Amino acid sequence: MVEAIDATLRTEFGKGAARRTRRAKQIPAVLYGHGTDPVHLALPGHQVYLIVKHTSNALLELSFEGKSELALVKDVQKDVVTNELEHIDLLLVRRGEKVNVEVSINIEGESASGTIVALELQSIEVLAEATHIPEQIVVSVEGLEDGAIIRVSDLNLPEGVSTEADGGTAVVIVSVPRASAQQ
């Protein structure tokens, strides 16, 4: 989902300028990519905070200086004490362009009685169209028995999404806990 953001061009740089930007309830950001010069922006603080808090790989439609650019949130720097956003790096993307992003892996369902499920891979790097990045990759463990292994090659990736990760890498392993196995 693309989020529309009204950004402001920043003309002051450095630590003092960044602090003034944050005091004005905005977040300093830099937009780069496609061989263009970096563009320094100030983004509306609360709106952007809510977007990056609830969305991984957030896609923003930035409007500034009469232009509109599509950008992917690449890096978010937060204050370790207050958890407030300090700075955001944005990658310029085009509609239809494919980008490499990390997508989380989530488990759904219940494995067979008496087994436990170990998630071996928390996320996976995928190649997806910038406007169709999946929120997550869902792995069903419904009814899987002891010894079942779901590998990268077994993942059900959405249409148009691919990965170059080793297909033999274990994502989920279903097993009986050791204490239960000895009884």
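Higher on the page you've got the structure.
Owing to the predicted nature of the structure, the values given are computational and were not obtained by experimental measurement. (Residues numbered from 1 in each chain as written. Predicted model: local features only at pLDDT ≥ 70, side-chain atom pairs only at ≥ 80, totals over all residues. Heavy atoms only, no water.)

Student: For this particular structure, what's the right way to read unusual backbone geometry?
Tutor: Residues apart from glycine generally show negative phi values, whereas peptide bonds are mostly found in trans. One non-glycine residue, Lys25, lies in the positive phi region at around 65°. When you line up the elements, Lys25 lands in the loop between helix H1 (15-23) and strand S3 (26-33). By relative accessible area, which is 67% here, Lys25 ends up exposed. Positive phi, normally seen in glycine, also occurs at Glu65, with a value near 50°. Inspection of the secondary structure puts Glu65 in the loop between strand S5 (59-64) and strand S6 (67-78). According to the relative accessible area criterion, Glu65 is exposed, its value standing at 60%. (Helix = DSSP H or I, 4+ residues; strand = E, 2+ residues; numbered from the N terminus. Buried < 20%, exposed > 50% of the residue type's maximum accessible area, 1.4 Å probe, protein only.)

Student: Honestly, the sheet that holds strand S13 (residues 170-175) in this entry has me stumped. Any pointers?
Tutor: Hydrogen bonding along the main chain pairs the strands of a sheet, whether they run parallel or antiparallel. A sheet is described by the order of its strands in space; here three strands give the open sequence S9-S13-S12, paired in antiparallel fashion. Of all strands in the sheet, those bounded by a partner on one side alone are strand S9 (116-119) and strand S12 (149-151). Adjacent strand axes in the sheet meet at a mean angle of 10° when their direction is disregarded. As paired strands, S12 and S13 are joined by three bridges and run antiparallel to one another. Across the sheet, Ile150 pairs through a bridge with Val172, a residue of S13. (Pairing = 2+ DSSP bridges. Axes fitted to C-alpha atoms, helices over the stretch in contact; angles between N-to-C directions.)

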